[in-house]
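Descriptive analysis of the structure
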Amino acid sequence: MVMTSSVNFLPACTSNMAASIAVGESAPSPTKKSAAEKPPASLEEGFHKMIVDPALNEVSQQLDSAMKILDDYNDTLKKEREERLATRRDIPGPLQGSGQDMSVILQHMQDVIHGTEEEIQQSPVFTPSIDSTAKLALLGHSLAAYATLLPPARLRRFTTRIISDTTLWLSRLFRFENGSAYYNEDDREGLIKVCRLVLHSKYPKFAAEGFNALYPKPPVVYISAASRPGLGQYICSQLGLPMSSLCTVPCNTVFGSVHTMDVASFERLVKDDINSSKLPVLLVANAGTPVAGHTDNLTRLLEICKANSIWLHVEGVNLATLSLTLVPDSVLPAVKCDSMTVTPGVWLGLPCTPAVTLYRTADPAMALAAGLSNSQSLERVRALPLWLCLQSVGHQGIVKKIKHAADLSLQLSEKLDTIATLKKSEKKKTQQSDTFEVKGSVKELLVKTLLYLTQFDVPSPVVIFRYAESRDKPGEEVAPYAAAKLDDDSKELDKEKHRLLYNTLNRWLGEQLSKDVPELQLDIVEVEPEGVCLRFNPLLTAATRGTQREHVDRLVERLDEHTAVLDCTVDQREVFQAAVEGHPNLLSIDDATWPGVGVLQYIPEYWGHHSLENLTEETKTEMDKLNADIVNKLSVKEDMRFLKSTAPNGRACVCVGLVSDDVSVEELVQEIYATGKELEDSSRFLERMADMVRKGIEQAEQELQKANEEKIMEEGVIRQIPIVGSMWNWLSPLQAKTPGGNVKGTTFNLSSGSVESTETTYKYKMQIQGGSPSTSPLSTPVSTPTKTSPPMKLVLPSPSKDEESPEDKTDDQKGEETAEEKDGEEETKEGEVETEEEEIEEEGDDKEEGENGDTEAQEDDGSS
């Protein structure tokens, strides 16, 4: 809808000059009589009354306003200061000189841990489960701190007994015979000590010559690509080795698990390094990778390491199964490795207990040089909590806790098989690179095959699963005789969107399950090549959270409910897009990061035929407010099924959440459309439109006033006087520079909320949106004629070839048009002379009649 306003200007100077020409007497002042009746006041009183008192009053008012501004500014500063203090509540204040009560200190500590009440409601903090064994570990830390006060001789004897007993118990528990132990807070620290021990054993002159001893044959340390992030860089930085001494062994790509080390690649890398005059010194293998919990082929790795004199170090959560009665065959070879790192405190739920690195060495002096033998009593006393807890739980208690965690994993793994849309990440049984070495006679080969097939193995204690398409759902099939197929780019794009959508759904599923069953911890991890998955690792979490079998059953029930909703949501996404496309005022947005049925934008009817990029910022803001109002109104009815978000184009949009089988997507879309239409037609939206129209009219008037002022500067003041101006125009006619005169009209476009010039309207004899003659919105109505704006004819461009654009016309055609314009101007001048008497009676009508004559002449020329 376009509203054209053309204001006829009558300058203020004209009325002033006309008033100066008319001679008259001034009206008598009403104060003269009263002044004559009263006696004249003194000069000082009159001066104070006329000058001093008004000035003082004005100064007082200004002071009051200034003081009010200062008070408001002080209030604002005070509020900002309070907000800053609220945000900095974690910053400690000054230390009290007389100290504080213990209850106040404990309350402050509780506030720091849990936060405010609002933070607790938004993200509740799960309180870990503390059993009697965990309490004993806390007591052990206090006793260890108290033991440091003992005399040095008694402390040395006490710590020696603790270290010897704990090392013996752990070596027997994890089947690591004739081993020594190193207790460390960081589990990576034990690996660094082992690397130093290997360097001292491989390079006898390393203690004396340092890096010069490594120069003839640089050492090489091998780690798996599935190891924890940053492990290789940490080893090199702590040992002072260059990054060239680190070799990352790739994982399996064709056969076997993609999270385990490729043994064939490792063997090939070792041979290449030996041929390059390098010395392989150490291999870090995984008995339970950090992400997926898979175990490397320790049997083959152990054979290769022994053949090439390489130290084999094993770490991982699956080492806990060494304490069970039946040990998995994939983990059992770890007992023959050179060293391993175990974390019994984490597996048993003992807070802040040290990690233990078990190792074998024949030279205690070399272990002392590498730092594996703790000589300081303060470092040896850190094993006291573990010493107390191992005695309290006992061997059977330790085995029971670890077996309970393995049973929880097995229970969840079996339950997941009953849900078709949940896919587990399991180790493949087919292996090629991890197979045994094919050597010897046929009889030996058959024996090895029989032993390989009869190996006992249990599922990994780590369960990883994700929500995906149903396993029973058939895939897309393309007939071989089909004429057209999707190109590779579109397939890759659809595949990426599909992956992104399911990653979003899995994140939502993990968050919901963590709220539903807080006693069972599920981690959201990124696993390649599947994507976002959910991981259940009871060996790390079951002891501290108190996870039981009933919690796993409750988790499976919630999984069944949530997957049913997710299945319905995924199926209804296409239906939602089709329903949105059926409404002209709704725009569907392809947003795969929203875990719901879809995202849309409501576009008001006024702007429905416009591109969003062409709208002004004020118009886009109004559209954002309208979409936000839609969400606020629908959220009350539908229990937060609708949410407000930001679209990829930066505008506000309506996000529709998950739907179940009893919800009709078409009705949801219709409800959104009806709500948007209701809000659009409401008085609140109309008031916003009225404000926008009023601002547009004010802007148009300002531009017209500016144009009239420019016209006065160009034509002069004499031409604006009613009588003199007419005579002057007759004696010296004004040469019009444009067909419509020097003053242009102004149009206010309601669709885009912008003010535009009517120069294109006069030029092309039709209203054009966007300022381009190529666009012809026929549906846009023409403004109604007013007194100041003569009626205009809508001249549509003819489809014939005779009509050409102004740029394509020849010089002869332009000359003919110029002559026709001059004839129209001469006729206008004659009309001005004939209506001179009427112009005297009505001031300013000569200008209006001249403009009307100009316009009518132009329209006659255009229609002819």
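Just above sits the structure.
Everything numeric here is computed off the predicted structure, so don't read it as measured data. (Residues numbered from 1 in each chain as written. Predicted model: local features only at pLDDT ≥ 70, side-chain atom pairs only at ≥ 80, totals over all residues. Heavy atoms only, no water.)

Let us look at the sheet that holds strand S3 (residues 219–224). Taken together, seven strands build an open sheet; the order of strands is S2-S8-S7-S6-S5-S3-S4 and the sheet is mixed. Every interior strand has two partners, whereas the edge strands, strand S2 (180–184) and strand S4 (246–249), have only one. Put simply, the sheet's adjacent strands are angled 20° from each other on average, direction ignored. Summarising the sheet, strand S7 (residues 339–342) and strand S8 (residues 355–359) pair through four bridges and their orientation is antiparallel. Residue pairing in the sheet places Met 340 in a bridge with Leu 358 of S8. In this fold helix H7 (residues 152–173) packs onto S2 and S8, with an angle of close to 110° to the strand it touches most, S2. Where helix H12 (residues 298–307) meets the sheet, its contacts fall on strand S5 (279–286) and strand S6 (311–315), and the angle it forms with S5 comes to roughly 165°. (Pairing = 2+ DSSP bridges. Helix = DSSP H or I, 4+ residues; strand = E, 2+ residues; numbered from the N terminus. Axes fitted to C-alpha atoms, helices over the stretch in contact; angles between N-to-C directions. Contact = heavy atoms within 4.5 Å.)

Quick look at the side chain of Ser 339 now. Locating Ser 339 in the fold gives a position in strand S7. We classify Ser 339 as buried; its relative accessible area is 0%. A distance of 2.9 Å separates a polar atom in the side chain of Ser 339 from a polar atom in the side chain of Trp 311. (Buried < 20%, exposed > 50% of the residue type's maximum accessible area, 1.4 Å probe, protein only. Polar contact = N/O pair within 3.5 Å; in protein donor to acceptor, adjacent residues only side chain to side chain.)

Here we come to the sheet that holds strand S12 (residues 531–536). Taken in spatial order, the four strands of this open sheet run S9-S10-S12-S11, and their pairing is antiparallel. Edge positions in the sheet fall to strand S9 (422–424) and strand S11 (523–527), since each of these pairs with one other strand and no more. Mean inter-strand twist for the sheet, computed between neighbouring axes without regard to direction, equals 40°. Where S11 lies against S12, five bridges are found, and the strand directions are antiparallel. Residue pairing in the sheet places Val 525 in a bridge with Cys 533 of S12. In the packing of helix H16 (residues 384–416) onto the sheet, contacts are made with S9, strand S10 (463–467) and S12, and the angle to S10 comes to roughly 30°. On the sheet, helix H20 (residues 549–581) packs against S9 and S10 and is oriented at approximately 35° with respect to S10.

With that settled, consider the pattern of salt bridges. Enumeration over the complete set of coordinates arrives at 17 salt bridges. Glu 267 is the partner of Arg 300 in a salt bridge, and the nearest nitrogen-oxygen pair spans 3.6 Å. One end of the pair, Arg 300, is in helix H12; the other, Glu 267, is in helix H11 (residues 263–275), with 33 residues separating them in the sequence. On the accessibility criterion, Arg 300 (11% relative accessible area) is buried. Through salt bridges that share partners, Asp 187, Arg 228 and Glu 315 make up one connected network. (Salt bridge = Lys/Arg side-chain N within 4 Å of Asp/Glu carboxyl O.)

A separate point is the nonpolar core. Core analysis: the largest hydrophobic core is formed by 68 residues, its most contacted members being Phe 266, Leu 283, Val 314, Leu 319 and Met 340. Looking at this core, the element that brings in the most residues is H16, giving eleven residues. Contact partners of Leu 319, with chain neighbours within four places excluded, come to Phe 174, Ala 287, Val 314, Val 331, Ala 334, Met 340, Thr 341, Val 342 and Trp 347. With 28 residues, the next largest nonpolar core counts Val 194, Phe 206, Tyr 234 and Leu 246 among its residues. (Core = buried A, V, L, I, M, F, W, Y, C linked by side-chain atoms within 4.5 Å.)

Next up on the list: the packing of H16 against helix H19 (residues 538–545). Contact geometry of H16 with H19 gives a least axis separation of 9 Å together with a crossing angle of 110°. Taken together, the axes of H16 and H19 lie roughly perpendicular to each other. Once H16 is placed against H19, the crossing between them reads as right-handed. When H16 is examined against H19, the residues Ile 402, Ala 405, Leu 408 and Ser 409 are found in contact with a partner set consisting of Pro 538, Leu 539 and Ala 542. Among the residues forming the contact of H16 with H19, the class breakdown is six nonpolar, one polar and no charged. (Parallel < 35°, antiparallel > 145°, perpendicular 65-115°, else oblique. Left-handed = near helix turned anticlockwise from the far one by under 90°. Nonpolar A, V, L, I, M, F, W, Y, C, P; charged D, E, K, R; others polar.)

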